[in-house]
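The primary structure of each chain is shown beneath.
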There are 2 protein chains.
Amino acid sequence: MSKSTIKNINTHAVELNAYFGVAISVDCVIFGFDKRELKVLLIRCDLPKYKGKWSLLGDLVGPEEDLDKAAYRVLKARTGLRNVYLQQVHTFGAPRRHPAGRVVSTAYYSLVNISNCKLTTQANELHWHPVKDIRTLAFDHKKIFDTCFEHLQEDIVRSPVVFKLLPQKFSLRQLQHVHEAILGVALDRRNFRKKIMSMELLEDLNEMENDVPHRPGRLYRLKPKAVAALS
Amino acid sequence: MSKSTIKNINTHAVELNAYFGVAISVDCVIFGFDKRELKVLLIRCDLPKYKGKWSLLGDLVGPEEDLDKAAYRVLKARTGLRNVYLQQVHTFGAPRRHPAGRVVSTAYYSLVNISNCKLTTQANELHWHPVKDIRTLAFDHKKIFDTCFEHLQEDIVRSPVVFKLLPQKFSLRQLQHVHEAILGVALDRRNFRKKIMSMELLEDLNEMENDVPHRPGRLYRLKPKAVAALS
DNA sequence: TCAAAAGTGTTTAATATACACCCATGC
DNA sequence: GCATGGGTGTATATTAAACACTTTTGA
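Rules used in this analysis
Residues numbered from 1 in each chain as written. Chains lettered and ligands numbered in written order. Predicted model: local features only at pLDDT ≥ 70, side-chain atom pairs only at ≥ 80, totals over all residues. Heavy atoms only, no water. Buried < 20%, exposed > 50% of the residue type's maximum accessible area, 1.4 Å probe, protein only. Helix = DSSP H or I, 4+ residues; strand = E, 2+ residues; numbered from the N terminus. Pairing = 2+ DSSP bridges. Near = heavy atom within 4 Å. Polar contact = N/O pair within 3.5 Å; in protein donor to acceptor, adjacent residues only side chain to side chain. Contact = heavy atoms within 4.5 Å. Buried area = accessible area lost by both parts, 1.4 Å probe. Salt bridge = Lys/Arg side-chain N within 4 Å of Asp/Glu carboxyl O. Patch = residues over 30% accessible without salt bridge, like charges linked within 9 Å, V, L, I, M, F, W, Y side chains within 5 Å. Areas by Shrake-Rupley, 256 points an atom, 1.4 Å probe, with all protein chains shown as cover. Lys, Arg positive; Asp, Glu negative; His and termini not counted. Charge placed at Lys NZ, Arg CZ, Asp CG, Glu CD. UniProt positions renumbered as here; feature names shortened; annotations may be inferred. Phe/Tyr/Trp six-rings, centres within 6.5 Å; stacked < 30°, edge-to-face > 60°. Core = buried A, V, L, I, M, F, W, Y, C linked by side-chain atoms within 4.5 Å. Least-squares fit on C-alpha atoms with pLDDT ≥ 70 in both. Domains from an automatic or database assignment.

Residue and element names in this part refer to chain A. With six of its eight residues buried, strand E2 (residues 37-44) lies for the most part within the structure. Judged from the four bridges that link them, strand E1 (residues 23-34) and E2 form a sheet pairing that is antiparallel. Within the sheet, the bridge partner assigned to glycine 32 lies in E2 and is lysine 39. Bridge count between E2 and strand E3 (residues 54-55): two bridges; the pairing is antiparallel. Counterpart to arginine 44 in the pairing with E3 is tryptophan 54.

To continue, consider the protein's contact with DNA strand D. The local shell around DNA strand D holds 20 residues, among which Arg215 of chain A together with Arg173, Arg189, Lys194 and Arg218 of chain B are the closest. Looking at DNA strand D alone, sugar and phosphate atoms form 37% of those within 4 Å of the protein. Residue arginine 190 of chain A places a side-chain N or O atom 3.3 Å away from a base nitrogen belonging to DNA strand D. In the model, a base oxygen of DNA strand D is placed 2.6 Å from a nitrogen or oxygen of the arginine 215 of chain A side chain. Of all elements in the fold, only helix H4 (189-198) of chain A together with helix H4 (189-199) of chain B reach the threshold of two or more residues within the surface near DNA strand D. The dominant element in the surface near DNA strand D, judged by the number of residues it contributes, is H4 of chain B, at five residues.

Residues and elements named next belong to chain B. Along the chain, proline 48 falls in the loop between strand E2 (37-44) and strand E3 (54-55). Overall, the relative accessible area of 72% leaves proline 48 in the exposed class. Distance in space between the C-alpha atoms of proline 48 and proline 99 is 9.6 Å, their sequence separation being 51 residues.

At the interface, 65 residues of chain A touch 65 residues of chain B. With both sides pooled, the region where chain A packs onto chain B buries about 5000 Å², and carbon together with sulfur makes up 55% of that total. Where chain A packs against chain B, one counts two salt bridges. With a shortest N-O distance of 2.9 Å, glutamate 64 of chain B and arginine 96 of chain A are connected by a salt bridge.

Let us look at a positive patch on the surface. Residues and elements named next belong to chain A. A surface patch of like charges, here positive, comprises Arg189, Arg190, Arg193 and Lys194. With respect to the helices, strands and loops of the structure, arginine 190 is situated in helix H4. Classification of arginine 190 by relative accessible area gives exposed; the value is 66%.

Let's shift gears to the UniProt feature "domain: NrtR DNA-binding winged helix" (unreviewed entry) in chain A. Taken from the UniProt record, the annotation "domain: NrtR DNA-binding winged helix" (unreviewed entry) applies to residues 162-222 of chain A. With 36% helix and 20% strand, residues 162-222 of chain A has its two end C-alpha atoms placed 11 Å apart.

Our focus in this paragraph is the protein's contact with DNA strand C. Lining the immediate environment of DNA strand C, one finds 19 residues, of which Arg173, Arg189, Lys194 and Arg218 of chain A together with Asn191 of chain B sit closest. The share of sugar and phosphate among atoms of DNA strand C within 4 Å of the protein is 41%. Between arginine 193 of chain A and DNA strand C, the recorded distance is 3.1 Å, taken from a side-chain N or O atom to a phosphate oxygen. At 3.3 Å, a side-chain N or O of lysine 194 of chain B approaches a base oxygen of DNA strand C. Only H4 of chain A together with H4 of chain B provide two or more residues apiece to the surface near DNA strand C. In terms of residue count, H4 of chain A provides more of the surface near DNA strand C than any other element does, four residues in total.

Time to look at the packing of aromatic side chains. According to the stated counting rule, one finds 14 aromatic pairs over all chains in the structure shown. With a centroid separation of 6.0 Å and an interplanar angle of 20°, the aromatic rings of phenylalanine 145 of chain A and phenylalanine 149 of chain A are classed as stacked. Here the residue phenylalanine 145 of chain A and the residue phenylalanine 149 of chain A both occupy positions in helix H2 (residues 141-155), the gap between them amounting to four residues, near one helical turn. A single burial state applies to phenylalanine 145 of chain A and to phenylalanine 149 of chain A, both of which are buried. Centroid distance tyrosine 85 of chain B to tyrosine 109 of chain B: 6.2 Å. Interplanar angle 50°. Geometry classified as tilted. You can see tyrosine 85 of chain B sitting in strand E5 (residues 85-92) and its partner tyrosine 109 of chain B sitting in strand E6 (residues 103-111), a full 24 residues away along the chain. Note on accessibility: tyrosine 85 of chain B and tyrosine 109 of chain B belong to one class, buried. Following the ring pairs from residue to residue traces out a cluster consisting of Phe31, Tyr85, Tyr109, Phe145 and Phe149 of chain A.

So, on to the nonpolar core. Judged by nonpolar contacts, the single largest core of 48 residues is most densely connected at Ile24, Ile30 and Val112 of chain A together with Ile24, Ile30 and Val112 of chain B. If we ignore the near neighbours within four places in the chain, the residues touching valine 112 of chain B are Ile30, Phe31, Gly32, Phe33, Leu75, Leu81, Val84, Cys117, Trp128, Lys164 and Leu165 of chain B.

On to the relation of the copies chain A and chain B. Mapping chain A onto chain B calls for a rotation angle of 180° and an axial translation of 0.0 Å; the resulting RMSD is 0.0 Å. Such a combination of rotation and displacement between the chain copies is what one expects of a two-fold axis. Relative to the rotation axis, the C-alpha of phenylalanine 20 of chain A is the closest in chain A, positioned 2.5 Å from it. Here 100% of the contact residues of chain A are again contact residues in chain B; the copies associate through an equivalent surface.

It is worth spelling out the domain arrangement of chain A at this point. Residues and elements named next belong to chain A. Considered domain by domain, chain A is made up of domain 1 (22-155) and domain 2 (166-230). Just the C-alpha atoms count here: the centres of domain 1 and domain 2 sit 27 Å apart. Each partner contributes to the interface: domain 1 provides eight residues, whereas domain 2 provides nine residues. Across the interface of domain 1 and domain 2, roughly 770 Å² is buried in total on both sides, 69% from carbon and sulfur atoms. At the junction of domain 1 and domain 2, the tally comes to zero salt bridges. On the surface where domain 1 and domain 2 come into contact, there are three residue pairs in polar contact (both at pLDDT 80 or more).

Right under this line is the structure:
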């Protein structure tokens with residue numbers, strides 16, 4: 001390479017055709033929360049190499065499609081949800097990560113309220129799995145999953161993303177259980193309440209839980225301006 | 001779309017050819033530090049649409065090349081440096097972000113010691129720019145730059161990445177100046193020293209600065225195990 | 001009346017901030 | 001001797017952590 005003649009996509013007109021043997025995809029780590037447990041939505045893989053293994057939800061990005069749009073499309077197609085929380089995390093591009101050819105994949109994580117989801121595939125092909133039970137996944141999806149989960153754990157301590165896992169009305173107990181499930185630790189109830197309240201994100205609805213087999217707790221919702229700051 | 005027949009890159013054998021009209025690239029935001037100032041390495045763009053504008057250093061990713069490897073290759077080609085600190089930040093994939101066609105680009109930031117760099121292009125085409133003077137860049141590079149700079153600002157408070165901007169031997173003053181330049185704030189000298197020392201990352205070399213027009217400060221280096229934790 | 005969780009404050013420890021003087025060197 | 005930055009400690013404020021009892025409801 002001579003000193004001043006590196007031809008380059010950013011500096012010179014370059015013919016792209018030689019580089020077109022690459023496809024791009026998105027993979028979504030979709031988290032949900034149910035029965036005190038953090039779960040992730042997985043689909044059964046049908047490729048010979050990974051027959052029967054579970055994989056993340058993803059798809060190829062269309063020729064004219066934005067990455068974020070593609071991730072939204074996947075989520076909409078699989079859960080029926082719009083206006084979900086999506087966060088780009090990392091891009092995985094090892095040359096042989098996918099058996100079909102060179103596929104560079106951008107990973108997103110998403111937080112959804114499980115009970116709002118209308119899954120669009122038969123139950124045995126698309127399924128919520130407890131996060132703590134995830135051992136192996138198809139492709140490099142275990143690595144993608146781990147990376148996204150670590151990011152989620154870091155994000156919840158400084159941002160109110162976690163509310164997206166709960167229904168609009170929730171009790172402080174539910175909110176604490178979500179934090180405990182994600183961080184994998186037990187939290188002191190009094191200190192947790194103090195901290196959450198000091199953030200001034202919650203609006204007291206002056207309503208109580210019902211259908212709980214114990215003393216009902218107050219219900220709260222995220223303040224509208226905090227909701228707006230999320231998307 | 002019928003309920004259970006979404007054909008998908010993760011679940012079925014899919015023909016990729018229709019998706020191959022995409023190229024992938026890496027773009028590197030290379031930070032350096034000189035004369036109390038944070039700088040970024042930019043190259044002059046020669047494409048008609050952005051003639052004369054400055055752009056980040058980047059290149060197309062080869063058909064068999066890993067993303068991280070491609071970023072290292074770009075850095076090596078432009079600065080002559082190996083073993084630099086590289087951090088993947090975000091992937092930008094808007095359909096018309098590059099005039100040559102669909103190019104999805106993964107952004108990295110890198111921290112280098114300016115005085116170790118042997119720039120491989122004529123001085124007027126490849127140049128260190130003060131970060132505070134960056135207004136516009138070619139393509140969507142201003143957005144990429146801003147994203148990487150914000151990540152750097154967040155990263156330095158919890159990780160010793162910043163040492164990569166300094167020579168192996170440095171004084172606490174130099175280290176403080178780097179922090180101040182990145183964060184854009186003035187820091188209290190006594191509190192800064194206390195905080196750095198409490199991290200137990202530094203090894204006192206029992207040497208003094210020379211060539212400074214004032215009382216020389218002690219020289220330190222990053223402890224070897226902290227260096228290892230960086231890469 | 002029992003089980004389960006709601007609700008509620010104080011004390012202590014750790015961390016972060018604010019702030020001022022004398023010292024060593026080069027010019 | 002003057003300009004520049006080196007080197008140092010303490011007091012205060014803020015934040016985080018530990019910890020226990022009474023109350024309410026459903027079964």
